[in-house]
Every structure is written in C-alpha cells, then in structure tokens.
Protein chains: 4
Amino acid sequence: MLRRIESSLIKDKNEELYTDLKSDYDALAEKLGRDGIDIEKFTEAAEKFQIAVPSWGTGTGGTRFARFPLKGEPRNIFEKLEDCSVINELSGCTDSVSPHFPWDKVDDFSELKQTSDEYGIKWVSVNSNTFQDQPGQETSYKYGSMSNTQQSSRDLAIQHNLDCIEYGQQLGANSLTVWVGDGSNHPGQQHFQKAFERYLSSMEKVYAGLPSDWEMHIEHKMFEPAFYSTVIQDWGSNILAAMHLGPKCKSLVDLGHHAPNTNIEMIVSRLIQFKKLGGFHFNDSKYGDDDLDSGSLHPYQQFLIFNELVDAEYRQQAEFDPSYMLDQSHNVTDPIESLIVSAIEVQRSYIKALLVDRESLYGYQESNDAMMASLELKKAFNVDVTPILAMARYRQSAAINPIGVYRSIDYRTRMDKDRPRDPNASGSGIV
Amino acid sequence: MLRRIESSLIKDKNEELYTDLKSDYDALAEKLGRDGIDIEKFTEAAEKFQIAVPSWGTGTGGTRFARFPLKGEPRNIFEKLEDCSVINELSGCTDSVSPHFPWDKVDDFSELKQTSDEYGIKWVSVNSNTFQDQPGQETSYKYGSMSNTQQSSRDLAIQHNLDCIEYGQQLGANSLTVWVGDGSNHPGQQHFQKAFERYLSSMEKVYAGLPSDWEMHIEHKMFEPAFYSTVIQDWGSNILAAMHLGPKCKSLVDLGHHAPNTNIEMIVSRLIQFKKLGGFHFNDSKYGDDDLDSGSLHPYQQFLIFNELVDAEYRQQAEFDPSYMLDQSHNVTDPIESLIVSAIEVQRSYIKALLVDRESLYGYQESNDAMMASLELKKAFNVDVTPILAMARYRQSAAINPIGVYRSIDYRTRMDKDRPRDPNASGSGIV
Amino acid sequence: MLRRIESSLIKDKNEELYTDLKSDYDALAEKLGRDGIDIEKFTEAAEKFQIAVPSWGTGTGGTRFARFPLKGEPRNIFEKLEDCSVINELSGCTDSVSPHFPWDKVDDFSELKQTSDEYGIKWVSVNSNTFQDQPGQETSYKYGSMSNTQQSSRDLAIQHNLDCIEYGQQLGANSLTVWVGDGSNHPGQQHFQKAFERYLSSMEKVYAGLPSDWEMHIEHKMFEPAFYSTVIQDWGSNILAAMHLGPKCKSLVDLGHHAPNTNIEMIVSRLIQFKKLGGFHFNDSKYGDDDLDSGSLHPYQQFLIFNELVDAEYRQQAEFDPSYMLDQSHNVTDPIESLIVSAIEVQRSYIKALLVDRESLYGYQESNDAMMASLELKKAFNVDVTPILAMARYRQSAAINPIGVYRSIDYRTRMDKDRPRDPNASGSGIV
Amino acid sequence: MLRRIESSLIKDKNEELYTDLKSDYDALAEKLGRDGIDIEKFTEAAEKFQIAVPSWGTGTGGTRFARFPLKGEPRNIFEKLEDCSVINELSGCTDSVSPHFPWDKVDDFSELKQTSDEYGIKWVSVNSNTFQDQPGQETSYKYGSMSNTQQSSRDLAIQHNLDCIEYGQQLGANSLTVWVGDGSNHPGQQHFQKAFERYLSSMEKVYAGLPSDWEMHIEHKMFEPAFYSTVIQDWGSNILAAMHLGPKCKSLVDLGHHAPNTNIEMIVSRLIQFKKLGGFHFNDSKYGDDDLDSGSLHPYQQFLIFNELVDAEYRQQAEFDPSYMLDQSHNVTDPIESLIVSAIEVQRSYIKALLVDRESLYGYQESNDAMMASLELKKAFNVDVTPILAMARYRQSAAINPIGVYRSIDYRTRMDKDRPRDPNASGSGIV
C-alpha cells in the first residue's frame, strides 16, 4: 500500500512508548475489570471507529479579514489526499475523505480513485458548492442558489449537485451533503415562504437524481454568509425539508451552526427519533461557526452528543446509521495536526459514551434520580481512556504519539519543496 | 353594559383632545392619500383588531428573588375581570380574556360567564397549569407532568387539561393552550426520546378530548423552569408534536421563548407555510423569558412579525387564523397600564404592516433589490400611525389618551379599599 | 467535635472501598511518577483545598413558576448549619459557610458561633439582601436599593449592609459580598449614569464601615431580576466600582452572571492582573443564572478558570487571594448531595489545573505553538484525578463515597421528623 | 467645487418633490408646535449632523465564503473618494471620510488632500491594519500584532501605526483608530495577562507618537478573527487600556462587537461617565459582527444609543465629543446606496433623540414612573421625522430622494467603463 510515512518509523517510535502504554492500559483494564467491564471490547470498538476527513480542511483556513497560509500546503486534490493519508497513517481512525466540488474536480476521476485506493482511503459524502461563483460562471449565486428567484441560478445549482453525484459515483461515495449559503441580509429582501418553496422545488430535482443506494444530507446553519435570514436556518426547517423530500433525505448536524445556548444533543435525539439523522460535521465553537478543533472547547458537550448516538445504537433504533465527518477551519495550526487530534478527540467521546452503563442510567431516569443519572454520565466521562485509544492505534500500526511522529519528519519543509506555489494562485477552498 | 369607568369621563377627556387628534389625522390622511392610500381603511382595521388579555397578567409579576405587589391588586378572577374591563374600556382593543386554571377556577362558571357577558368580554384560549403543585395534590409535577415517568403524574396532568377544556366550554372559549415546564436540570436526568414519547402519548389523550370546534395550541420554550433541557424546547419539536397530534393541534409562539439571536419572524413564516400557526403570546424580552411589555424594546421585530401575518392574510394562506394574546409579567408598572399600552403597541405593528405595499415588495424581492425591499418595510414602519390608533379608539368610545384617563380616576386607591388583602394569602398566579 | 454522622459509619464504609482506591491511586502515582510528578503533592493540595457552602443553598431552590420542596428541609440557620456539617463531614472540603442576612439573622450570634465552632465550621463572606422587602419594611426596594432614587431606600440598604458587617464580625467572618438586584425593565426607566453614581455613593458609606481586616466583594450580573438593565451589569462596571471604592473592595465572579458566549476565564485573568479578584460564586449554567451544580455542564470551562487561578498562584501574583464559594439552586436534587458533589467537582478542577506543566505551557505560548499549548491543558484535564480526591477524603476521615454514605443514613426521613414544618411558613431563602 | 453629480439634476428632482415635502413638513411643524417645539431647531440640527464614511465601505464586502463584486467598484482611494462624494452630495450628511492604511496609502498625500478639498470632504479618524500580512512583509501578524510574542511583529505593528499617524497628519485628520485581530483560537494558546501586557506596552509607544491635538481610539471586539479569545474583548478591557494609556486615549464602540443580548446603550453611558467615549463605528447586526446597514434591524436600539448621546450633550458632560463613523460591509447592495441610507438612518436616530423632553424624563425617572419614562422615549421615537431630514437635505442642496437621484444617473454602468478592472487584482479592503 502507498504510504506517506515509513511504517518502520512509526514502529520504532511506538516501541519506545509501548511499555508505558502497556502499563497504563493494564491498570485501566484492572480498574474497569472490577466493574465487570472488559477493556478489550472498547479497544476493539476504538479500532473500528472511523471518521472522515474533509479534503478542504487540509489547507490553512482563514476569515474574511485574512488568511495566513502555511508552507507546503496542498495545491490540488491529489496533494490533499497525500495529507489525508498522513493523517490516517498516524491516527488510524480516518480511513475516508469527504470531497468538495468544484474544488476537488479532476478531469480523470478514475486516476483519483486509483490513487485513493492505493492509500486505502475511501470517499464518502460529496459536498457541493453553490455559495461561490466560479470564474466565468454565466449566472450568479449572489442572491442564492437553490432558492434564487432566477430560474437560471437555480438550474445551475441543481445541475451542479447532479454533477457532484456523478463525480461521487465515480469515486465510490454514496451520499451528497448539501449546504447552501442562501438567505438574506435585509428584512424584506427575501420572501421567506417563497424562498423555501423554491428551495424545496430545486431539491426535489436533485433528490430525483439520487442513485438508489445514495442518501442526501441537508445542513442547516443559523447565519453566515447571510446575516439576517438563512433558508435552512435550524433543525426545524431542516427536518421539514427532509420529510418533504423523502426517505433518502436526512439532516446533517454541524456543531457550529446553532443559536447560542442551544442544546445540540437534544436535537440529535429528536433527529434520531424521527429517523432523520444523516450525519455530522464535527468541530467546536464558542461564538458562531468558528470551526475550531473538535472537542477543544466543549469536550463534555461532544461526549453528551455521543451519549445520544451510543444510546440509539444500544436501543437498536431504526434507520440509525449516521456518517461522521470533521469540518474545521485551521487558521493557526498545521491542519494535519489539527485533523489528527480532532479525529482522536471524537473517538475519545465515542469510547467514553460506550462506558456508560445504560441500564443503570435508565433506572435512574425512571426513578427521577437526577443526581445518580448525572453522576453515571460523569463517571464515564471522567475515565481517562487515552490508553484505550493509544492501544487501538498501536494495534493498527498507527502511532501511539501521532503528533510526535509527525513533527519528527518535518513534513511541511519537504512539501514546501515538492509543492512550489504559484504566487498568483488563489485558494482552493479555505472555508 | 357593565362598566368600570364612567362613559362620560372618557367622553369628556376625549373632547379635550379631539381637535388636535383630528388635525393630526387629517394631515396623515392627506399624506397617505398622495400615495393612493385611504386612511379610513386602516382606521377600520384598527377598530376591528382585538387582542386577548391574560387574566394572570393583572397581578404584579415577580421573579424567584422577589415580588413587590401593588396596592389594590385583584384577588380572584372576578376582580381580574374588572381590571380587564378597565383595560378594554380604555383601549378599545382587548375584548377578550385568556384564563388560567386552576388559578381562575370558580365553583359556578355560569356566574362568571354572566359577569363577563355584562362587561362585553369574551373568553378565549384556556391555559392549563401543570408546572405547579396545588395544595394537597396527591402526586407531584416536580419531575414533569405530561412527560413524567410516573403514570400517576401524567394522568393528573391529562385530567387537568380535560377539566380545563370543560371549564372553557362553559365560558364559551374554543381553544386550549398547553405549556408545560417539563424538562431537566442535569445531563442524563431525562431520556430525551422517551420523555418526548411520553409527552406525545399524554397529549394524544387530551387531543382526543377536544370538542370538534376546538383547537389545541402547544407552546415551546427554550428554558425555565428547566435549565438543561425542555421537552418542547423550540419550534422544531413543537411543529413535530402538532403534526403528530393532528389538524386541530397547532403551535403557539411566545416571543420570549427562543434562543438568543433567533429570527422569530422566520419561524412565524414556517408555521404559516406548514399550516400550523395557532397563535401568539406577545411580550418583549432582552435576555430570556423576560415577559416585558410588547414592543417596548424591539418594536421593529414586532413589526416584522406582523409583516408575515399581514402577508399571509394578503395571500389568503390556507388555515391561517392565529389567535393573539398578551403574556407579560409586570414587575415595576401598574399591570393595567402595561396591558393597555402593550395592546396598543401590538395594534400599532399590525396597522404599520398593513401599510406595506405588498405588490411593490414582491417586485423588489423578485428582482433581488434588497435595498428597495428593505426601504419598503421601513417606509411603512416610519409612518407615525398614532392618529389612526387614537381615532379608532375615539370612534369606539375608548380613550384617546387611555393612561391619562386611567390616572385621573385613582383606580388603585379605590381598589385598595374594595379589595382588602388577606395577609396570609399567596399570589394567584404571578408568572 | 459535634458530628451529624457517626465517624464509625464513614470509617466502615471507607474500609470496604479502600483496597480498590489504593490500587487506582497507586496506578496513577506510577503513571504520574513517570513524568516526574509526585502524586503526594497533589493529594496534600486536595486536602488543603476548601470551598464555602452557601447557607441558602441547603434549602430546595425554585423558580418564579414553582418550588417543589423536599422533606426535612432546614427551617433556620441552626438546621442549615447541621446540613452544612453533613456536607463537610462527607466531603472533607467544605469547612466554612457563607451566611445570608436577614435570612440567617439570629438574636444571639454568640450561640450560633459556638455551635459552628463545635462543628468545626468557619463563617466566611457575609451576604446582604436588598433585593427583597422584609415584612413591615418601611421603605421598599422595588425600584432599587443602593441606587434607588429615594434617599430612604438607599439609607436602609446602607444600614443593612453595615448591620451585616456587624453580624459577620460576631461570627468571625471577614468579608462582605454585595449583590443588588437594582436595574430597570424599561428603556428610560432609569438614568444609567445617575443610578451608577447613587450606587457608588451608597457603597462608599458601606466601605467606610468596613473593619480594617475586611474586604468587600461586588457581584456583577447581566440580568434578573431586572430585565432591561442592571446597575452592575458586567465585570467592566464591577471593576470600575471596585477601583473607585478602594483597595479593600474587589470583584466577585459568579459563573452564571455573564452574557452568552462570554470567555469567563479571560475575565478572571483581567481581574487578577488588575489586583481586583475577590472571589467566586461557583455554579454552572446553560442559559442564564441557572445556578446548576458546578461543573455539571461545562467541566472544561471550570478547569480553564482554575488554570488561571493556579497560574496566578504559580507566578505569585500580587494581592491574589480569592475566596471560593458555591452558589447554586437545587431544584430537583437533594441540596446536600448537590453541594457535596459540586464541592468535589471544583476541587477536581483545581487539582487538574495543578497538573499543568506551566513552564512547558509558557514555552509553547512563547513560540505560538497553539497545538501543543492546547494539548498541554488537555493532557492535564484528561487525567482522572478521582483517586487523588478520594484519597484526600480518606485521609481526612471524610467519605471515599460520600453519596453512598449519605444515602445509607436516610437523613431526610430523620429530619422530616426532627423538623416539623409550619405549613404557613414561607421559605427562608430559595434563590 | 468638484462634484460627481450635476447640481441641476438634484435641483430638478427636488423641485418635483418639494410641494409634498413642504406639506408634510408644515403638518409636522404644526403638530410639534402644539407641544411648544420649534421644528426649525431640529432641522438646523439635522443640517449640522455629519457622520464619516469608511473608505473601505465603498467596495462590495464579503465573507470568508465568497465575495460577489459589483460592476464599477472603486480601484483605489481616489475612486473611493469619488464615491464618497456622491454619497455626500446626495445625503448632505457625510462630509468626511475615514481612511484605512495601507489600503489607502498613496505616494503623494498632498495630491489626495487637494482632491478631497476640492470635493469638500474632510479626513477623519485614520485606521491602521495589523490584521493582515501585506505582500513581502518580513514578519507576520498570524499570531498577533501589538500583543505578538515576537518583538519583530510588535515593532512592525507599532511602526505601522506611527506611519498611519503621519499619513493622517498630511490629510488633516486628528485621530487614530486601533483595532487589532489579536487573540487565540485554542485554550492555552495565549497567556491572557502577558498578551495584554505586551499589547499595553506596544500601545504606549504609539501613544507616545500622538501629536498633541490627536486622540487615539481603541476598538474592542468579542470575536473574529480570533475565535476563543480576543485581547480587547469587551469594553472592560478597552476602558482599562484607555485609562492606562492616558487622557488622549479613548474607547470606540462598534455596535456589532458585543456578546449576544448586551445592553450597548448602557456601555455608552458608562464610557461617557468615565470620560472615555471616543467614538462609534455604526452598523447593525443580528448574530455577530454582521456589519449590516445601520438601523436596518434594530432602529430602536440605535435611538436608545442616541438618547444617551443627546443626554450627555444636554448635561454638558465633560470631555464628551465622540466621533461618528459608519463601518459596514455591503454584500448584497450597492455600497453607495447603503451608505447614503445608513447615514440618514443614524441622523434619524439623532433627531428623534433630540425630541425627547429631558426634563420630563428626569422627572419620571426620579419618581420611578417606569411607564411614563418609557412612553416619553417612545413618543419621540414614534414621531416620523422624515420631513425634517428631507428638508435639511433640501436646504443643503442635497437630494430629497437620494436613492431616486442616484438610480437615475446609472452611476455603476458609467464607472464600469471608467474603472476597468485588472482581473488579477485582489480586493483593496473588503472587510
């Protein structure tokens, strides 16, 4: 298999760390064992857990004010794929990539597919882009795409989404994620109902183009780029659209897309209940769609979300099979490092949520023992599952200390040589 | 007809003010006339516009920290009705009252109905109370009512709502508003899905008890009294519940029950579109469910909400017939004054929204002329419709200057004598 | 020493759990030892860490909508003290109580002091109450206390605060915490500047009455009970007031008193920098001043706050000696359980923050290595310090499993008998 | 004087509208006259009121996702100046421009000054830019400017600000506005206190370079571009910095830079009280720093801010002389139209605030008559002052209907020819 990092390098580094890891792992095994918990089940679960990396997340992100690029950034989807492979080789939990079109469009998708196969990387949910005009585009998305009052803009957006499906099919993906920037900046600018009706009508045409084994996932967002209203502003509009469109359409939750103080884990529960949870864009945020590293600010919230997900799994909730993706903007860190750490942070939340004793919890809930219910969750959250995650990586030949290995190879300096930058080139997706 | 304020008093005061009013009215008529607008249409609309007063709003409100009661507060529903009549006599736009049970329960509803008939006051949406335990209540709502894990608490809540319907029928009302405080304060305390399922199951039983010409309105609220999760936390859960329950169930919007920054007018539009807008609890707020006087902080937001309502009327949207109620907590003002002013402020928003030239607005929207669309709304909002509102009151024999008349009669001092307060009595609804 | 729980009971329960605790403790000692960290230093720090319990937190809290009291609630400060002793006996980290007047006023403070001495409980910051009117109060706080336009109300508030100092002196306390509910519900109701000037002028008189070894702590709050403006609305107004009043006046941070999304740890840093951090009211919140259990929702935020506190300690920042208090409202749990768990959660944050390698962190900060800086904090946060906290309790003869012991003695049932409730009694502080 | 729009065109259009305007004006004069108010005083005040236009606001704004430029955008400061003159010729209330460097840097400032003099446009507060790296910049602002850990970056930022002062002096400006993007995206990334100390130290050097008749204005902002912490995150840090730096340093309020729900008018009052209000960046927002058109969403909030400003004027508050600037991002409108309308909306708030009867208001405040105080403000707000604003424009030879005139000249089409765009050119300031 194609690799970007020598296996032997990882192996050597791992050997240095293994004794300490084994010691911590055994101590944890003993502690969990006292409660009748077999640590191996959790390590296996950690090995199985995979989360997709966003192709666009491999470049340095920015804001409307500035972007401060890193040296050696990828210039195209092949180079992004290289970086994604580094992430997967080190983390062991990111075996797929979510592409974004037209940013990742290539002339020959079979070449791209062959390369990704060689890396052992799969392609998952395909993202369309109707929030930017492309050079030479004959009609604009300035006033919306799917919900534009102009038929020509809507048609262009619809066709682009159908194209994305086709690209995705060539890559072996099986879902389309639709996020639109449609909305308004002024009261009165847009007729809310008519705009939503146009959106639904356009989406019907995309839905009609879905292959039988595909799903379509709708993303809601409170604001940005529109600052007064957004067509799919919250999970309410999202689920109503998904219900309108049909069973292959579901809702996707981006953690940074909600109003302040929103209880996101509750929204996750509602979407599960109504069989409409399509997937996640994981990230963290303090103010808006900050796109910070997953779990870097609110690790307990991320745990509570996984508490809902693991609970649905446990209850074998019907039509429950969400896709997990990262969606972050790395403005001040090396994107490779952020994506590695973030993937592991999401995995950490998953394993902690698995540690919750569900039957005990149900008992406390039934008897309204708020204190013990709360402590049951906290007990699981407080367990330091680091050894489980590290052991899972070790067993998959990924790195016990992925950042350490990554820093040892001075990847960016090498890439800076391999990837000379055309100074006139614009970014290929920085959001 | 029974009156609390001498007609002659109002009439005398009005005569003092009429000349100036006529002068302002004529000037406005001339100005509107230039745009082909007939002021009389708007004055008639103002005369027709009515909004219900909440019986519980006639007492001084408070917070968990304190309540600072006013002298001469009403001690029971008959006295609340007296105050509501004062409000209606002066404002001319509050010809109905929304009662709250058990606070307003009486032994003989026919007596109450007869009194209200004498005042010319109608009874509209009946509110149930399952967020407080009543003295001697055999099972508690501490851990929820409709969604409680205990069958006995759910049954009590269901029966109470069925009782409310019966009381309402005796009073001639035809809708039931259900707000529950159910929720949780701790992560894990409540199983979100199971709680919502129990809620829906309980509500089905209430729905089944609705007379054929009744509606049921569900109120959502982000937080308070529960501070981690609420069963009907937002319009998403609200509309899904209403859709589940059936066509007689609709959603009610309380302006203070949303997350910070929420675009409420958009939610109103969505509920209209999906034929689920049941009604409103009008108030204003800056931080949470502050229950401040309607339009006292965000008059333009209130106008934008009415812009949606008038637009739905104009488009003859199907199943559109929302009920309008005030729901405020008057902590530092005389409730009678606040309710008069607030009713007129809501009426003001309605008349301004009527002034919007809809066809022009549609044209700007269609051509994405954000600036002119925005200005079309602002043009209507900027019109000072005070003379229209005052003339409507004058023509209905209400007061041109309602606060002036009210203050002239020293009502509270009189009531302080007529309504001696049992020092041990607890409040009869202060929320 | 007076005890509410038999020492032997705690001892017996501890013996059952000690072997497992020792095993977890040793494993953690070994793990930390590998990084050159001596676990004993942290256990000693945990033993020393103490946080005050609010007397008013021992009763069931409530909201403006309802209060659902528990059986066996304390009826007066002596009974509250009993409960506080239970909390301290079990947690080992709450050796002081913060009283609230007039709620905790007694005729003979020497008797109260003697009782608390017998329990080994100290009295810390004294809280005044000028947000409620007391029965028979000759002038009202309805329109404010320290900032009221009426001299009589201001004088009453000033005198009450001076009285509180005197009560506190009898109890051996040495600081006064001043939180006022002053503010407004309507634009225009209050002249912001004049109100603040009156506040400062009143506070000067209280400041003048401070004994030489006392401090005064000002609490800011964004909203509630006032819903449009609050006189000390944020840390900006707070620190300006504290600077105006003098060196003995400092600012107190209640975690639930800020705007949505506020970075509270940064405010803590600013107050430290300007030598004005007086202390904390710990609790957690999602929406407003929810007064939920400390660390129950945002444990990482609490850790980040302690990261600032430990950092100030480490840098030996001048005039840094904040007081720690809990301030929570326990609406659905047994207050004793919530206070035990919350005190330990605060202690947990402190110990985790102590684990941060400050010199490494400074190095990452200096070189703008955002990733490693972030991971340095996360590394400390991820350590499960439960064994350290439990061992500290064990060594202090407190309970390894405090909730387990508490539940085993059926305290509330006993108290329900010992504390017969006058059905006409009102609450003695529920906020 | 140099003009971009023929005087005769404006004059002709005005004549068409004058009769109606006169009629509305006279009606308003009569109405106000009844209350003893002389309309002429207000019209004169409107004529005097001027607000600065931001040079960077003349280009189409955008978000990190996209920018949809308009045809005929200005390519440099001379062309921006042309557009600003159009705005002033039509609105009559924007006789100054606030420049931004290095965006507006020219080789020969005397040429620029001569041109602006010919237009009758003054230069006011100079803005520095240390939130972007310029091509070829030897050291980066990626990790901050004034507070960067690297001396070289701090020195560069200091020197740039000193340069800006020099440019400003050549243009006749007399204040420097400093907004920095400094902050962090990860907990731990930045040592809050050390960063603030570095900021203060750098600012001291800029302060030292201020000419004797200059002021320096600091801008605070809650978030963006930094998403975890910002060095000057709120007015608290702002005023402490301004107090530290000295009397020539004051705080500047941008309406979009606060936490959700913040009472901004209260902050304005506090800054006035402490003699530190330097000026404003006016705009409107719903979610964050949305930079929407002033007053387009929250006209009453804007009025309440002016209520504070007019009150300070009325009370002849010491050291009160704030500067007024617009700071908006025009993503979906023609910037010229937005700036015209916004300037007039700010003027509208000012005139309405002047209409408040201050002595009556003080009386209501003193007697805690919350209702009448609230109504006093609303009475002024409800007056439609459109005729006053239009008459002021008419008397200044500006346009009664500025948007109408602007649209009649098809300015953008002409500019599209006059300003051919280099397709490789990047934006010259879009934020």
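This one's a predicted model, so the numbers in the text were calculated from it and none came from an experiment.

Calculation notes
- Residues numbered from 1 in each chain as written.
- Chains lettered and ligands numbered in written order.
- Predicted model: local features only at pLDDT ≥ 70, side-chain atom pairs only at ≥ 80, totals over all residues.
- Heavy atoms only, no water.
- Helix = DSSP H or I, 4+ residues; strand = E, 2+ residues; numbered from the N terminus.
- Buried < 20%, exposed > 50% of the residue type's maximum accessible area, 1.4 Å probe, protein only.
- Lys, Arg positive; Asp, Glu negative; His and termini not counted.
- Salt bridge = Lys/Arg side-chain N within 4 Å of Asp/Glu carboxyl O.
- Polar contact = N/O pair within 3.5 Å; in protein donor to acceptor, adjacent residues only side chain to side chain.
- Contact = heavy atoms within 4.5 Å.
- Phe/Tyr/Trp six-rings, centres within 6.5 Å; stacked < 30°, edge-to-face > 60°.
- Lys NZ or Arg CZ within 6 Å of the ring centre and 35° of its normal.
- pLDDT = per-residue confidence, 0-100.
- Least-squares fit on C-alpha atoms with pLDDT ≥ 70 in both.
- Core = buried A, V, L, I, M, F, W, Y, C linked by side-chain atoms within 4.5 Å.
- Buried area = accessible area lost by both parts, 1.4 Å probe.
- Bend = angle between axes of the 7 residues up to and from the residue.
- Pairing = 2+ DSSP bridges.
- Right-handed = clockwise from strand over helix to strand, strands pointing away.

Trainee: Please explain the side chain of Lys 286 of chain C as it appears in this structure.
Mentor: Relative to the elements of secondary structure, Lys 286 of chain C occurs in the loop between β10 (277–282) and α9 (299–314). Of the side chains with opposite charge, Glu 265 of chain A comes closest to the buried, unpaired Lys 286 of chain C, at an N-O distance of 5.1 Å. At 3.4 Å, the side chain of Lys 286 of chain C and the backbone oxygen of Thr 262 of chain A are in polar contact. Apart from the residues within four sequence positions on either side, Lys 286 of chain C is in contact with Asn 261, Thr 262 and Asn 263 of chain A, Phe 227 and Tyr 228 of chain B together with Leu 297 and His 298 of chain C.

Trainee: Explain the environment of Met 222 of chain A here, please?
Mentor: Residue and element names in this part refer to chain A. Locating Met 222 in the fold gives a position in the loop between β7 (215–219) and β8 (229–230). Given the relative accessible area of 8%, Met 222 is considered buried. In this structure the C-alpha to C-alpha distance between Met 222 and Val 253, which are 31 residues apart in sequence, comes to 12 Å.

Trainee: Where do I start with the packing of aromatic side chains in this structure?
Mentor: Each pair of aromatic rings is reported with the distance of its centres and the angle of its planes. Per the counting criterion, the structure on display carries 110 aromatic pairs over all chains. Pairing Phe 306 of chain A with Tyr 324 of chain A gives two aromatic rings, centres 5.5 Å apart and planes at 65°, and the pair type is edge-to-face. Here the residue Phe 306 of chain A occupies a position in helix α9 (residues 299–314), and Tyr 324 of chain A occupies one in strand β11 (residues 323–326), the gap between them amounting to 18 residues. You'll find Phe 306 of chain A and Tyr 324 of chain A in the same group, each marked buried. By the ring-pair criterion, three or more aromatic residues cluster together here, those being Phe 49, Phe 280, Phe 282, Phe 306, Tyr 324 and Tyr 350 of chain A. Of note, Arg 270 of chain C hangs over the ring of Phe 196 of chain D, and the distance from its end group to the ring centre comes to 4.0 Å.

Trainee: What is the right way to read unusual backbone geometry from this model?
Mentor: Leaving glycine aside, a negative phi is the common case for residues, and trans is the common case for peptide bonds. Omega for the peptide link from Phe 101 of chain A to Pro 102 of chain A comes to 10°, which places this bond in the cis form. In this fold, Pro 102 of chain A is placed in the loop between β2 (96–98) and α4 (109–119). Positive phi is not limited to glycine here, since Gln 316 of chain D has a value of about 50°. In this structure, Gln 316 of chain D sits in the loop between α9 (299–314) and β11 (323–326).

Trainee: Please explain the confidence of the model for chain A as it appears in this structure.
Mentor: Keep in mind that low pLDDT regions are not for reading the predicted coordinates in detail. With 98% of its residues at a pLDDT of 70 or more, chain A has an overall mean of 97. This prediction of the complex comes with two scores: 0.98 for pTM and 0.97 for ipTM.

Trainee: Looking at this model, I keep getting lost on the relation of the copies chain B and chain A. Mind explaining?
Mentor: One copy of the chain maps onto the other through a rotation about an axis followed by a shift along the same axis. Rotating chain B by 180° and translating it 0.0 Å along the rotation axis places it on chain A, where the RMSD comes to 0.0 Å. One copy is carried onto the other by what is essentially a two-fold rotation axis. Across chain B, the rotation axis passes nearest the C-alpha of Gly 236 of chain B, at a separation of 2.0 Å. Taken as a fraction of all interface residues of chain B, those also at the interface in chain A reach 100%, which identifies the copy contact as same-surface.

Trainee: Any chance you could explain the nonpolar core here in plain terms?
Mentor: Nonpolar side chains in soluble globular proteins tend to be buried together. Of all hydrophobic cores here, the largest spans 513 residues; its most connected members are Tyr 199 of chain A, Tyr 199 of chain B, Tyr 199 of chain C together with Tyr 199 of chain D. In this view, Tyr 199 of chain D contacts Met 146, Ser 147, Val 180, Ile 218, Val 231, Ile 232 and Ala 241 of chain D; residues no more than four positions away in its chain are not counted.

Trainee: Help me understand the relation of the copies chain B and chain D in this model?
Mentor: Rotating chain B by 180° about the axis while translating it 0.0 Å along that axis superimposes it on chain D, leaving an RMSD of 0.0 Å. Most of the interface of chain B is mirrored in chain D, where 100% of its interface residues again form contacts.

Trainee: Any chance you could explain the interface of chain B and chain A here in plain terms?
Mentor: One frequent convention defines the size of an interface as the accessible area lost when the parts assemble. Residue-level contacts link 57 residues of chain B with 57 residues of chain A. Around 4,800 Å² of area is buried between chain B and chain A when both sides are counted, 57% of it from carbon and sulfur atoms. Broken down residue by residue, the surface that chain B buries against chain A is led by Phe 192, Gln 193 and Asn 368 of chain B, which jointly contribute 13%. Here chain B and chain A share zero salt bridges between them. The interface formed by chain B and chain A includes 21 residue pairs in polar contact (both at pLDDT 80 or more).

Trainee: Please clarify how helix α1 (residues 7–34) of chain B should be interpreted in this entry.
Mentor: At Leu 17 of chain B, α1 of chain B shows its maximal kink, close to 50°. For α1 of chain B, the complete set of buried residues consists of Ile 10, Asn 14, Leu 21, Asp 24, Tyr 25, Leu 28 and Leu 32 of chain B. Structurally, α1 of chain B contributes buried residues whose contacts are with α2 (39–48), α3 (77–91), α10 (335–355), α13 (386–395) and α14 (402–408) of chain B together with α1 (7–34) of chain D. Directly after α1 of chain B, the chain includes Gly 36 of chain B, whose backbone phi takes a positive value near 75°.

Trainee: Please clarify how the side chain of Asn 129 of chain B should be interpreted in this entry.
Mentor: All names here are of chain B. Topologically, Asn 129 is positioned in the loop between β4 (126–127) and α5 (151–171). Residue classification places Asn 129 among the buried positions, given a relative accessible area of 2%. A polar contact of 3.1 Å, which involves the side chain of Asn 129, links it to the backbone nitrogen of Phe 131. Beyond its immediate chain neighbours, meaning those up to four positions away, Asn 129 contacts His 100, Phe 101, Pro 102, Trp 103, Gln 134, Tyr 141 and His 160.

Trainee: Just checking my understanding: could you explain the pairing of strand β5 (residues 175–178) of chain B for this structure?
Mentor: Residues and elements named next belong to chain B. Side-chain alternation along β5 places Ser 175 and Thr 177 on one buried face and Leu 176 and Val 178 on a second face that is also buried. As paired strands, β4 and β5 are joined by two bridges and run parallel to one another. What sits directly across from Asn 127, in β5, is Thr 177. With α5 bridging β4 and the parallel β5, this β-α-β connection has right-handed handedness. The pairing of β5 with strand β7 (residues 215–219) spans four bridges and is classified as parallel. When the sheet's bridge partners are listed, Thr 177 is paired in β7 with His 217.

Trainee: Help me understand the pattern of salt bridges, please; the structure alone is not making it clear to me.
Mentor: Two side chains bearing opposite charge may form a pair once their charged atoms approach each other closely. Tallied over the entire structure, the rule returns 120 salt bridges over all chains. Here Arg 34 of chain B and Asp 24 of chain D are joined by a salt bridge, their closest N and O atoms 2.4 Å apart. Note that Arg 34 of chain B is positioned in helix α1 and Asp 24 of chain D in helix α1, a pairing that runs across two chains. Asp 24 of chain D gets classed as buried once you look at its relative accessible area, which sits at 16%.

Trainee: Explain the sheet that holds strand β2 (residues 96–98) of chain C to me, please; I cannot follow it from the model alone.
Mentor: Pairing between the strands of a sheet comes from backbone hydrogen bonds, and it takes one of two forms, parallel or antiparallel. Residues and elements named next belong to chain C. Here three strands make up an open sheet; going across it, the order is β1-β2-β3 and the pairing parallel. Each end of this open sheet is capped by a strand with a single partner; those strands are β1 (53–54) and β3 (122–123). Taken together, the two bridges between β1 and β2 define a ladder with parallel strand orientation. Residue pairing across strands places Val 53 opposite Val 97, the latter belonging to β2.

Trainee: Explanation requested: the environment of Leu 176 of chain C in the structure shown.
Mentor: Residues and elements named next belong to chain C. With respect to the helices and strands, Leu 176 occurs in strand β5 (residues 175–178). We classify Leu 176 as buried; its relative accessible area is 0%. C-alpha of Leu 176 to C-alpha of Asn 261: the two residues are 85 residues apart in sequence and 29 Å apart in space. If sequence neighbours within four positions are ignored, Leu 176 has contacts with Ser 125, Val 126, Asn 161, Cys 164, Ile 165, Val 206, Trp 214, Glu 215, Met 216 and His 217.

Trainee: I keep staring at the interface of chain B and chain D and nothing clicks. Help me out?
Mentor: The partner chain D presents 41 residues to the 41 residues of chain B that form the contact. Between chain B and chain D, roughly 3,300 Å² of surface is buried when both sides are summed, and carbon and sulfur atoms account for 50% of that area. Area buried by chain B at its contact with chain D is led by Asn 261, Met 371 and Asn 382 of chain B, which between them contribute 19% of it. Of the charged contacts, one joins Glu 345 of chain B and Lys 378 of chain D as a salt bridge, the two residues approaching to 3.5 Å between their closest N and O atoms. For the interface between chain B and chain D, the tally reads 13 residue pairs in polar contact (both at pLDDT 80 or more).

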